Amino acid sequence: DAKTTQPTSMDCAEGRAANLPCNHSTISGNEYVYWYRQIHSQGPQYIIHGLKNNETNEMASLIITEDRKSSTLILPHATLRDTAVYYCIARRGGNNNDMRFGAGTRLTVKP
Amino acid sequence: DTAVSQTPKYLVTQMGNDKSIKCEQNLGHDTMYWYKQDSKKFLKIMFSYNNKELIINETVPNRFSPKSPDKAHLNLHINSLELGDSAVYFCASSRLAGQETQYFGPGTRLLVL
């Protein structure tokens, strides 16, 4: 699976959009981009995933560049409860279904 | 209803003991996993079972033995516990192996003294 690079930490004002970048320049054609988050002391929570098209669900939007070398997770109206570590994972399919979590980005939403 | 549940939530034990952590999912998923999150917060997969069969076994000491009595349960048994086993252990499940979203349990915090 391709390595991903994320900033160590970011701050965001409550009510504003949080834009979390992820670099995956060595991603291969069959690797999806997944985003999970981990709120303090809880299990990781799935947010969204995509292959090459932009995706949106009730939690967030995922913007993937045309060359697929980077992506951005957007939380449109961040709340204090969105404070968490956000993980970007490039992941292929198949039965060898391991997800490689990196260090992630610690997002702090401030009032 | 909790989708993926783990027991116990906290486990404090002495070095050398044998302990088990239980995991159950009520999502009807075929694949279950165990992850370990160490003190530096890195989350690493340990095992993956698909329909009660082992499909991933990362480099984990053989003191760790997963047991899947049915596809809704994947228990983790640890023999001869060591200080370095102290961590948070997360169970997860997905509908199938492959490109499937994984749903995580709340974690079991293991402290070995």
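In the block above lies the structure referred to throughout.
For every chain, the first residue of the written sequence is number 1, and numbering continues from 1 onward in sequence order. Chain A is the first chain written and ligand 1 is the first ligand written, with later ones labelled in order. Selection of residues for local features in this predicted model requires a pLDDT of at least 70, selection of side-chain atom pairs for listing and counting requires 80 or more, and totals for whole chains, interfaces and linings are taken over all residues. Only hydrogens and water are removed before side-chain values are computed, so all heavy atoms of the structure are retained for them.

1. Topic: the pattern of salt bridges
Point 1. One speaks of a salt bridge when a side-chain nitrogen belonging to Lys or Arg is within 4 Å of a carboxyl oxygen belonging to Asp or Glu. Scanning all chains against the criterion turns up 5 salt bridges over all chains.
Point 2. Its salt-bridge partner being R37 of chain A, residue D82 of chain A comes within 2.8 Å of it at the nearest N-O pair. Placement of the pair is D82 of chain A in the loop between β7 (70–75) and β8 (84–91) and R37 of chain A in strand β3 (residues 32–38), with a sequence separation of 45 residues. In this structure, D82 of chain A and R37 of chain A share a single accessibility class: buried.
Point 3. In this structure, the salt-bridge partner of R63 of chain B is D85 of chain B, at a minimum N-O distance of 2.8 Å. Here R63 of chain B, found in the loop between β6 (53–57) and β7 (64–70), pairs with D85 of chain B, found in the loop between β8 (73–78) and β9 (87–94); they are 22 residues apart in sequence, far enough to count as distant. Pair check on accessibility: R63 of chain B and D85 of chain B agree, each one buried.
Point 4. In the salt-bridge network here, residues are joined through shared partners; they are R63, E82 and D85 of chain B. Going along the chain from the N terminus, every DSSP run of H or I of four or more residues is numbered as a helix, and every run of E of two or more is numbered as a strand. Relative accessibility thresholds used throughout: buried, under 20% of the residue-type maximum; exposed, over 50%; partly exposed, between the two (1.4 Å probe, protein chains only).

2. Observations concerning the interface of chain B and chain A
Point 1. Contact with chain B, which involves 23 residues of that partner, is made by 25 residues of chain A.
Point 2. Around 1,800 Å² of area is buried between chain B and chain A when both sides are counted, 49% of it from carbon and sulfur atoms.
Point 3. Two N or O atoms form a polar contact when they lie within 3.5 Å of each other; inside protein one atom must be a possible hydrogen donor and the other a possible acceptor, and for residues adjacent in sequence the pair counts only when both atoms belong to side chains. In this structure, the connection of chain B to chain A is made through 3 residue pairs in polar contact (both at pLDDT 80 or more).
Point 4. Mapped by element, the contributors of at least two residues to the side of chain B that touches chain A are β4 (31–37), β5 (43–50), β6 and β9 of chain B.
Point 5. It is β4 of chain B that contributes the most residues to the side of chain B that touches chain A, 3 residues altogether. Residues are treated as being in contact if the distance between any of their heavy atoms lies within 4.5 Å. Accessible area, probed at 1.4 Å, shrinks when two parts are joined; the buried area is that loss added up over both.

3. What about the nonpolar core?
Point 1. Core analysis: the biggest nonpolar cluster contains 22 residues, and W35, L73, Y86 and L107 of chain A have the highest contact counts within it.
Point 2. Ranked by the residues each element gives to this core, the list is headed by β8 of chain A, at 4 residues.
Point 3. We define the nonpolar core as a collection of buried residues of types Ala, Val, Leu, Ile, Met, Phe, Trp, Tyr and Cys that are connected through side-chain atoms lying within 4.5 Å of one another. Within the second largest apolar cluster, 20 residues are counted, among which are C23, L76, L81 and V112 of chain B.

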